[in-house]
Amino acid sequence: MSATLITGARLVDPASGHDGPANIRIEDGRIAEIGDALPAGPDDEVVSARGRVVAPALVDLRAHCAEPGGSGAESLDTLMAAAASSGIGTITLSPLSGTGISRPEHIELIAARALTAPVRLAAAGLATSDGIEINEIGLMLRAGAGLVGDGGRPIADTRLIRRLLAYASGFDAWVSLSPEDPFLSAGTIAHESDMSVRMGLPVRPGVSERIGIERVAALAELTGALVLFDRVSTAEGLAAVAAARRRGLEIAASVPATHLMFNEVDMGGFDPRHRLDPPLRAESDREALITAISEGLIEAVVSDHLALPADAKANPFSDAVPGSASIEALLPALCTLYAEGRLSLLEALRPVTSGPADLLGVQQGRIAEGAPADLIVFDPQAPVVHGRDGPVSQAPSAFSGRRLHGLVLLTMVEGAIVHQAET
Amino acid sequence: MSEAGFSYAFPHRDLLGVSGLNPLDVRIIFERAERHLARNAERDKKGSSLKGLTQINLFFEASTRTLASFELAGKRLGADVVNFSAGNASIKKGESLADTAETLAAMRPDLLVVRHSSPGAAKFFSELTGVSTVNAGDGAHEHPTQALLDVFTLTRRWGEIGGRRIAIVGDILHSRVARSNVSLMNLLNAEVRLCGPATLLPADADRWGATVFHDLDAALEGCDAVMTLRIQRERMAGGLIPSEREYAALYGLTHDRLETAQPDCLVMHPGPMNRGVEITSALADDPERSTILDQVEAGVAIRMAVLELIAERSGERTEITP
């Protein structure tokens, strides 16, 4: 079988910390060789990536579509097309994707779809039913679930969380839980600050996230479970995560890409596209999230992609459904922080490559000899206007019209080119 | 300054909140309202400045007095006034508010008056329909005509409110009236005090340009006016206050408690009142103190002024861009 050779690129691989020029030879869907001046064979396809960056294809740990089980604004096919075009090689469906991923049969269905999919599909299983009883976690993991979690609905019953964590600890699986106090966060629409209170919106205090994290962290300590705090968004929450780590707990944290780009001022005009869950926070929180990424405290930056029909946003801010179609902004959001000098490329890419890949326990998300050839070629400085050139996903997005950086030129999954920009 | 001295035209084609107004805008509204107030006391109250225009009062929340006030205001200026009282339930049945807005816009109204439980709802209608819109209350966000009529009432008594000390007492957290009044009173350089139990005051209220008190006697000290807000009975169920009795004892306005205020301290209430809870009947009905009925009367005049001014402004714009 012929090989593909990528030449002339700057190779950025957060797993190994490599950032410098290198050529890559790809054979049989795997990375065969990495080196300075690899010779091209007579039948080799050569991809010249001079002046570009080659990195592992992105791993997104949280996205929604209408499947399994439903129909709507975003099918699995359109979601995967949007992912491929934006440099994402692995999508993880949220437990609440479609009508919910709550049974091992749902995981099997997704695994079957994955066989013919252009990108890799993973799924997170819903850990509990309505926060009352535990779902078939063992069977879901055996069927291939990457992790299990509450899907974004905080579980009120502390005893059930204890049992869930104890049960899941027997499988060495990451349990993804919402970092919120269920009562302080119930019915809230905006972050608690003088600004949102003046806007007359029901508000969620930062301390809700802190209490949510401290409660679960104490139970993780008791049970020895691996806990991923899903969508941390406040400085107070980050401090609670850091404190839990200092006690030696295996705690991971993810951050939504929207919260790295926007703060509460963006929702000051009551624009329903900026109605998000968790709500957009203060600028000091956004700064703290970026700092936490540069310090390696954040394992995953997630798109939290939720494609809503237009009429879900055709209401005043507080009546609009929270969520944003953000998958196509995942890489540009991070590239923008790189272009602004806030993060190095290694820091920016780690939480969308090796960070989430390690949580899922998968081999991709790194550039190493023998690893799957899931790669992207991109220009991290290229200016883009989100949605201007016709995004693949047509749903309302908080990023619409925003000036960002980062253009994906090529996406490769298991050695196959699944997206190539017309240049 | 006489009105002819202004070389400044009222620039707003909407009134979505107090926050967009400057002191000159307020003065223009008040001068116009003063004329309407006089006219409203005459036997023939009918004007014609809005003749031929259609005003839709779109009330998604139950209201008697505000709706009646806007309806009278429009009719006294000659507008054709239609009231839509749509329960919020109709939205939950499937039609988005954007659909409602577009349907109404297709009926070609010239003025919309919107009350809705969601902050930003009036702005939403204004942006979607392009029709001149008055915010008649959007959730706990703003109720600009209420603040204007409150401050107008005080201005008529005092000449101006600058330098005066005004306390607002009660459920500040859920009150659009308090938010709009704090903005407007700050704009006109009054000293604003907010008073209530900590559960009914926003955590950052001290950053609003007001001083925060939890003790009513301290808050009332030296006040020129005090406005008390209606306490909703559902606040008891939510654990925000323990009982009506305790609230009345701690925060209810009485003649005795006004001892520390200025001797001629005025008492205001945006209505409807819970007599015996946030205010005693004797105080509410005391003609020396209470401005409550003056506020209602001023309300019609203020709303006439606002409707007329924004209609003039949007009329101009239509002529400029055919």
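What counts as what
- Residues numbered from 1 in each chain as written.
- Chains lettered and ligands numbered in written order.
- Predicted model: local features only at pLDDT ≥ 70, side-chain atom pairs only at ≥ 80, totals over all residues.
- Helix = DSSP H or I, 4+ residues; strand = E, 2+ residues; numbered from the N terminus.
- Rg over C-alpha atoms; globule rule 2.2 N^0.38 Å.
- Buried ≥ 20, exposed ≤ 12 C-beta atoms within 10 Å, placed from the backbone.
- Contact = placed C-beta atoms within 7 Å.
- Pairing = 2+ DSSP bridges.
- Axes fitted to C-alpha atoms, helices over the stretch in contact; angles between N-to-C directions.
- Nonpolar A, V, L, I, M, F, W, Y, C, P; charged D, E, K, R; others polar.
- Domains from an automatic or database assignment.
- Right-handed = clockwise from strand over helix to strand, strands pointing away.
- pLDDT = per-residue confidence, 0-100.
- Parallel < 35°, antiparallel > 145°, perpendicular 65-115°, else oblique.
- Left-handed = near helix turned anticlockwise from the far one by under 90°.

Asker: Any chance you could break down the overall build of chain B for me, citing the residues and the numbers?
Answerer: What chain B contains, in helices and strands, is twelve helices and nine strands. Against the 2.2 N^0.38 benchmark of 20 Å for 322 residues, chain B shows a C-alpha radius of gyration of 20 Å, consistent with a compact globule. A principal-axis box enclosing the C-alpha atoms of chain B has dimensions of 60 × 50 × 40 Å. Scored against the burial criterion, the 322 residues of chain B give a buried share of 48%.

Asker: Lay out the overall build of chain A with the relevant residues and their values.
Answerer: Across its full length, chain A carries 13 helices and 20 strands. Computed over the C-alpha atoms, the radius of gyration of chain A is 21 Å, within 12% of the 22 Å expected from 2.2 N^0.38 for a compact globule of 423 residues. Principal-axis analysis of the C-alpha atoms places the extent of chain A at approximately 65 × 45 × 45 Å. Of the contacts formed within chain A by residues at least 6 apart in sequence, a portion of 73% connects residues at least 24 apart.

Asker: Which residues make up the sheet that holds strand β9 (residues 266-268) of chain B, and what values do they have?
Answerer: Residues and elements named next belong to chain B. Read from one edge of the open sheet, five strands run β7-β6-β5-β8-β9, paired in parallel fashion. Across the chains shown, the open sheet's two edge strands, defined by having one partner strand only, are β7 (211-213) and β9. When the angles between neighbouring strand axes are averaged without regard to direction, this sheet yields 20°. Summarising the sheet, strand β5 (residues 165-169) and strand β8 (residues 225-228) pair through four bridges and their orientation is parallel. What sits directly across from Ala167, in β8, is Val226.

Asker: Mind laying out the environment of A:Val148, listing which residues take part and the relevant values?
Answerer: Residues and elements named next belong to chain A. By secondary structure assignment, the location of Val148 is in strand β11 (residues 147-149). Val148 sits 75 residues away from Thr223 along the chain, and the two C-alpha atoms are 16 Å apart. With near-sequence residues (within four places) excluded, Val148 lies in contact with Ala124, Gly125, Ala127, Ile137, Met140, Ala168, Ala173 and Val175.

Asker: Run through the interface of chain A and chain B, naming residues and quoting values.
Answerer: Every contact between the two is made by 16 residues of chain A and, on the other side, 20 residues of chain B. Across the side of chain A that touches chain B, the residue classes break down as seven nonpolar, four polar and five charged.

Asker: Describe in detail the domain arrangement of chain A, supporting the description with residues and values.
Answerer: Residues and elements named next belong to chain A. As assigned here, chain A comprises domain 1 (4-53 + 373-420) and domain 2 (57-360). A straight line from the C-alpha centre of domain 1 to that of domain 2 covers 26 Å. The partner domain 2 presents 42 residues to the 32 residues of domain 1 that form the contact. Those elements giving two or more residues to the side of domain 1 that touches domain 2 turn out to be β18 (375-385), β19 (403-413) and β20 (416-420). Grouping the constituent residues of the side of domain 1 that touches domain 2 by class yields 20 nonpolar, ten polar and two charged.

Asker: For the pairing of strand β2 (residues 80-85) of chain B, give the residues involved together with the corresponding values.
Answerer: Residue and element names in this part refer to chain B. As defined by bridge partners, strand β1 (residues 54-59) adjoins β2 across six bridges and the pair is classed as parallel. The residue bridging Asn57 from the neighbouring strand is Asn83, located in β2. Once you follow β1 into helix α2 (residues 65-76) and on to β2, the crossover reads as right-handed.

Asker: Before we move on, could you go through the domain arrangement of chain B and cite the residues and values that matter?
Answerer: Residues and elements named next belong to chain B. Along its sequence, chain B is organised into domain 1 (9-142 + 297-320) and domain 2 (144-293). For domain 1 and domain 2, the distance between their C-alpha centres works out to 26 Å. Contacts between the two partners involve 26 residues from domain 1, matched on the other side by 19 residues from domain 2. Contributions of two or more residues to the side of domain 1 that touches domain 2 are made by α1 (23-40), β4 (132-138) and α12 (292-320). Element by element, the count of residues in the side of domain 1 that touches domain 2 is highest for α12, at six residues. Among the residues making up the side of domain 1 that touches domain 2, the classes are represented as 14 nonpolar, seven polar and five charged.

Asker: Can you break down helix α1 (residues 76-85) of chain A residue by residue, with the values?
Answerer: All names here are of chain A. Among the ten residues in α1, seven count as buried, and that is most of the element. Those residues of α1 not exposed but buried are Leu76, Leu79, Met80, Ala82, Ala83, Ala84 and Ser85. Phi turns positive, to about 85°, at Gly87, one or two residues after α1.

Asker: Kindly report on the environment of B:Val131, identifying the contributing residues and their values.
Answerer: Residue and element names in this part refer to chain B. With respect to the element layout, Val131 can be found in the loop between α5 (121-129) and β4. Classification of Val131 by C-beta neighbours within 10 Å gives buried; the count is 23. Expressed as a C-alpha distance, the spacing of Val131 and Ser314, which sit 183 residues apart in the sequence, is 8.4 Å. Leave out the neighbours within four places in its chain, and Val131 touches Ala105, Pro109, Asp110, Leu111 and Leu112.

Asker: Tell me about the confidence of the model for chain B, and name the residues and values.
Answerer: All names here are of chain B. On average, chain B scores 91 in pLDDT, and the residues at 70 or more come to 94%. Overall, residues 318-322 carries pLDDT values under 50, and its contacts beyond four positions in sequence, including any with other chains, amount to zero contacts. This complex was scored by the predictor with a pTM of 0.91 and an ipTM of 0.85.

Asker: Now, about the packing of helix α4 (residues 158-169) of chain A against helix α7 (residues 206-223) of chain A: what can you tell me, with residues and values included?
Answerer: All names here are of chain A. α7 packs onto α4 with a crossing angle of 40° between their chain directions and a minimal axis gap of 9 Å. With respect to α7, the axis of α4 lies oblique. When the axes of α4 and α7 are compared, the crossing they make is right-handed. Contacts from Thr158, Ile161, Arg162, Leu165, Ala166 and Ser169 in α4 reach Arg215, Val216, Leu219, Ala220, Leu222 and Thr223 in α7. Class assignment of the residues belonging to the contact of α4 with α7 gives a composition of seven nonpolar, three polar and two charged.

Asker: Talk me through the sheet that holds strand β3 (residues 111-116) of chain B; I want residue IDs and the actual numbers.
Answerer: All names here are of chain B. Taken in spatial order, the four strands of this open sheet run β2-β1-β3-β4, and their pairing is parallel. Because the sheet does not close on itself, it has two edges, and the strands there are β2 and β4. Adjacent strand axes in the sheet meet at a mean angle of 15°, parallel and antiparallel pairs treated alike.

Asker: Just give me the short version of the pairing of β1(B), but keep the residues and values in it.
Answerer: All names here are of chain B. Within β1, five of the six residues are buried, which leaves the element mostly enclosed by the surrounding structure. Across five bridges, the pairing between β1 and β3 is parallel. Each residue of the ladder has a partner; that of Leu58, found in β3, is Val114.

Asker: How would you summarise α5(B) if you had to cite specific residues and measurements?
Answerer: Residues and elements named next belong to chain B. By the criterion of burial, α5 is predominantly enclosed, with seven of the nine residues buried. Elements in contact with the buried residues of α5: α4 (97-106), β3 and β4. Gly130 lies just past α5 and shows a positive phi near 70°.

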